[in-house]
Amino acid sequence: MRRIQSAPGFIGPVGPYSQAVVSGHLVFTAGQIPAQSGLDDQPADFTEQVRQTLRNLEAILIEAGSDFSHVIKVNAYLTDPAQLEPFNAVYREFLGHAPPARTTVCVALWGVSLEIDCVAELIARELQHG
């Protein structure tokens, strides 16, 4: 098992957890948020918050040895049902080519409007070197 604390140049964990854990041939990510360098550094526009969150998620996946084309399952947490349509529009930009299984729910979050986590397979070359 390998634990990833953070991706270089991206926000690290805001609590006692790993950003990702690699176990076997799978990568399990922690929930990613729209913060760029801290909770006070989030885009103002919701669609840009979705983009930043997905960029953060992608950086963690790459650091762990995977990418969006290897994502199996996504969990998305929104704070307002009205966010679903703009969320889906941006989500398609990143994961629309071969959408993984996904659960999207509306919840209360601490200081952010969304959070996304996922499970992905390692890229084959990572399996050979892992």
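About the cut-offs
Residues numbered from 1 in each chain as written. Predicted model: local features only at pLDDT ≥ 70, side-chain atom pairs only at ≥ 80, totals over all residues. Heavy atoms only, no water. 1 Å grid on protein atoms, 1.4 Å probe; cavity = no way out; pocket = protein on both sides within 12 Å on 5 of 7 lines; lining within 4 Å. Points joined across faces, edges and corners; volume = space filled by probe spheres on them. Nonpolar A, V, L, I, M, F, W, Y, C, P; charged D, E, K, R; others polar. Pairing = 2+ DSSP bridges. Helix = DSSP H or I, 4+ residues; strand = E, 2+ residues; numbered from the N terminus. Axes fitted to C-alpha atoms, helices over the stretch in contact; angles between N-to-C directions. Contact = heavy atoms within 4.5 Å. Buried < 20%, exposed > 50% of the residue type's maximum accessible area, 1.4 Å probe, protein only. Polar contact = N/O pair within 3.5 Å; in protein donor to acceptor, adjacent residues only side chain to side chain.

*Asks:* Go over the layout of surface pockets with me, naming the residues and quoting the values.
*Replies:* Put simply, the largest pocket is a space of about 220 Å³. If you trace the largest pocket, you find 14 residues lining it, with V14, Y17, G31, I33 and E115 closest to the centre. Of the residues in the lining of the largest pocket, the class split is 9 nonpolar, 4 polar and 1 charged.

*Asks:* Residue-level account of the sheet that holds strand β1 (residues 2-4), with values.
*Replies:* Taken in spatial order, the 6 strands line up as β1-β2-β3-β6-β4-β5 in an open sheet, and their pairing is mixed. Edge positions in the open sheet fall to β1 and β5 (101-106), since each of these has one partner strand only. Looking at each pair of strands side by side, their axes are set apart by 15 degrees on average, direction ignored. Bridging between strand β2 (residues 20-23) and strand β3 (residues 26-29) involves 4 bridges; their strand directions are antiparallel. Within β3, the residue paired with V21 across the bridge is F28. The sheet strands contacting helix α1 (residues 46-64) are β1, β2, β3, β4 (71-78) and β6 (114-121), and the helix crosses β6 at an angle near 30 degrees.

*Asks:* So what about the side chain of N56? Which residues, and what values?
*Replies:* Note that N56 resides in helix α1. Look at N56 and you get buried, because its relative accessible area is 1%. Setting aside residues up to four positions removed in sequence, N56 forms contacts with F10, I11, Q32, I33, P34 and A35.

*Asks:* Please set out the side chain of S18 residue by residue, giving values where relevant.
*Replies:* Relative to the elements of secondary structure, S18 occurs in the loop between β1 and β2. For S18, a relative accessible area of 17% puts it in the buried group. At 3.1 Å, the side chain of S18 and the side chain of Q5 are in polar contact. Among all residues touching S18, those that are not within four sequence positions of it are R3, I4, Q5 and A30.

Geometric descriptors of this kind do not, in isolation, establish any biological role.
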